[in-house]
Amino acid sequence: MGSDQFILGEYSRTLDDRFRLSIPTQITDVVAPDGDDLILVKERPGCLSLWNGPQWQGKLDAGVNLVHAKIAAGKLENRIADVQLLGRLLSTRQRNVTLAGKGRLLIPEGFREFLGVEAGGEVLIVGAAVCVEIWKPEAWLSNLEEKMPEFRSLLDQLSG
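So, here's what we can say about the structure. (Residues numbered from 1 in each chain as written. Predicted model: local features only at pLDDT ≥ 70, side-chain atom pairs only at ≥ 80, totals over all residues. Heavy atoms only, no water.)

**Here's the deal with the packing of helix 2 (residues 53-72) against helix 3 (residues 80-93)**
Pairs of packed helices are described in terms of their axes, by the angle between the two and the distance that separates them. Here helix 2 crosses helix 3 at 160°, and the two axes come no closer than 12 Å. One finds that helix 2 runs roughly antiparallel with respect to helix 3. Taken as a pair, helix 2 and helix 3 cross one another with a handedness that is left-handed. Facing helix 2, whose interface residues are Trp56, Leu60, Val64, Val67 and Ile71, helix 3 presents Val83, Leu86, Leu90 and Arg93. Taken together, the residues of the contact of helix 2 with helix 3 break down into 8 nonpolar, no polar and 1 charged. (Axes fitted to C-alpha atoms, helices over the stretch in contact; angles between N-to-C directions. Helix = DSSP H or I, 4+ residues; strand = E, 2+ residues; numbered from the N terminus. Parallel < 35°, antiparallel > 145°, perpendicular 65-115°, else oblique. Left-handed = near helix turned anticlockwise from the far one by under 90°. Contact = heavy atoms within 4.5 Å. Nonpolar A, V, L, I, M, F, W, Y, C, P; charged D, E, K, R; others polar.)

So this is what it looks like as C-alpha cells:
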C-alpha cells in the first residue's frame, strides 16, 4: 500500500451467519493491491482493524526488535512485568487473514467477541487513512461524538 493513498469511506455491512462480511472493492484495492495477506488486529472494544500484512509486519518487527535490543542492553530489567504484558497482548492481538471470493472476510473466534457483534448484526467499515476499521455501530457513534470536535485542530496540526 502506497503511503500517498489514504483509505477513506464509511460503509454499512451485515455479518452473515458465519461471521463473514464483504469488504468494498475500493477498499480492498488499496489495502491489498496485489492480493497481499492481511492482518486483523484488535484495536479497542467494538473495533477491529485490517492492515496490509507486509506493512503491518514491518512496523511490528521494528518495534519488537527495539524491545529486544533494550532487553539485551539491560535497559528493561526493572520492567519485566511490562515486557510480559506486551508479550501477552502480542500473543492475542492479531491474526493473519485472507479475503475469500467477493472480498469476504471471516471474523475469527476471539475477534468476534472483541468486536461485540452477533451473526446477522450490522457493522461499519471505516477507512482510517492507513488501515480499514470494522466497528460495532454503537462504538463508532460514541467514538465520533468524542473525536469529531477535534477534527479541525487535528487537520491543522498534521498539515501544518
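After presenting the structure, the write-up continues.
**Focus on the nonpolar core**
Core analysis: the biggest nonpolar cluster contains 24 residues, and Leu40, Leu105, Ile107 and Ile134 have the highest contact counts within it. If sequence neighbours within four positions are ignored, Ile107 has contacts with Leu15, Phe19, Leu21, Leu40, Leu48, Arg112 and Ile134. (Core = buried A, V, L, I, M, F, W, Y, C linked by side-chain atoms within 4.5 Å. Buried < 20%, exposed > 50% of the residue type's maximum accessible area, 1.4 Å probe, protein only.)

**Let's talk about the layout of surface pockets**
By volume, the largest pocket amounts to about 790 Å³. Lining the largest pocket are 22 residues, with Gly127, Ala128, Trp140, Phe151 and Leu154 positioned closest to its centre. Counting only elements with at least two residues in the lining of the largest pocket, the list comes to strand 7 (122-127), strand 8 (132-135), helix 5 (137-147) and helix 6 (151-159). Counted by class, the lining of the largest pocket contains 13 nonpolar, 4 polar and 5 charged residues. (1 Å grid on protein atoms, 1.4 Å probe; cavity = no way out; pocket = protein on both sides within 12 Å on 5 of 7 lines; lining within 4 Å. Points joined across faces, edges and corners; volume = space filled by probe spheres on them.)

**Notes on the packing of aromatic side chains**
Each pair of aromatic rings is reported with the distance of its centres and the angle of its planes. Tallying each qualifying case throughout the model produces 2 aromatic pairs. When the ring of Trp51 is compared with that of Trp56, the centres are 5.2 Å apart and the planes differ by 45°; the resulting orientation is tilted. Ring centres of Trp135 and Trp140 lie 5.1 Å apart, and the angle between their planes is 55°; on these two criteria the pair is classed as tilted. Of the two residues, Trp135 and Trp140, both sit in the buried class. We note Lys42 situated over the ring of Phe111; from NZ or CZ to the ring centre the distance is 4.8 Å. (Phe/Tyr/Trp six-rings, centres within 6.5 Å; stacked < 30°, edge-to-face > 60°. Lys NZ or Arg CZ within 6 Å of the ring centre and 35° of its normal.)

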